[in-house]
Amino acid sequence: MAKPNYSYEKRQRELAKKQKKEEKAREKAARKTGGPSGEGEAPADEAEVSPPQPETGSQ
């Protein structure tokens, strides 16, 4: 049976972490500049907007 190559596995995990971190940084930069998020997600400020409350006649 072949011996496991732990250093290869570790390197792959490190590369995956690095790629995920870079992707998060790109998404954060896109949100900051107002560019498209790339995944069809709504910007946070649009998601928090609530409809205006109807005004009542009593004051």
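Located above this text is the structure these notes cover.
So, a few notes on the structure that sits alongside this text. (Residues numbered from 1 in each chain as written. Predicted model: local features only at pLDDT ≥ 70, side-chain atom pairs only at ≥ 80, totals over all residues. Heavy atoms only, no water.)

Here we look at the overall build of the chain
Here comes step 1: From N to C terminus, the chain includes two helices and zero strands.
Here comes step 2: Taken across its 59 residues, the chain has 2% of its residues classed as buried.
Here comes step 3: Summed over all atoms, the accessible surface of the chain reaches about 6300 Å², with 53% contributed by carbon and sulfur. (Helix = DSSP H or I, 4+ residues; strand = E, 2+ residues; numbered from the N terminus. Buried < 20%, exposed > 50% of the residue type's maximum accessible area, 1.4 Å probe, protein only. Areas by Shrake-Rupley, 256 points an atom, 1.4 Å probe, with all protein chains shown as cover.)

What about the pattern of salt bridges?
Here comes step 1: Evaluated as defined, the whole model comprises two salt bridges.
Here comes step 2: A salt bridge links Glu14 to Arg11; the nearest nitrogen and oxygen atoms lie 3.9 Å apart. A residue pair is termed a helical-turn pair when its members lie 3 or 4 positions apart in one helix, as Glu14 and Arg11 do in helix α1 (residues 6-33) at three residues.
Here comes step 3: Since its relative accessible area comes to 38%, Glu14 is described here as partly exposed.
Here comes step 4: We classify Arg11 as partly exposed; its relative accessible area is 46%. (Salt bridge = Lys/Arg side-chain N within 4 Å of Asp/Glu carboxyl O.)

Some points on α1
Side chains of residues three or four places apart in an α-helix project in the same direction, reflecting 3.6 residues per turn.
Here comes step 1: Look at α1: 41 Å from first C-alpha to last across 28 residues, which is about the 40 Å you get at 1.5 Å a residue.
Here comes step 2: Just past α1, the residue Gly34 takes up positive phi, approximately 85°. (Expected span 1.5 Å × (residues − 1).)

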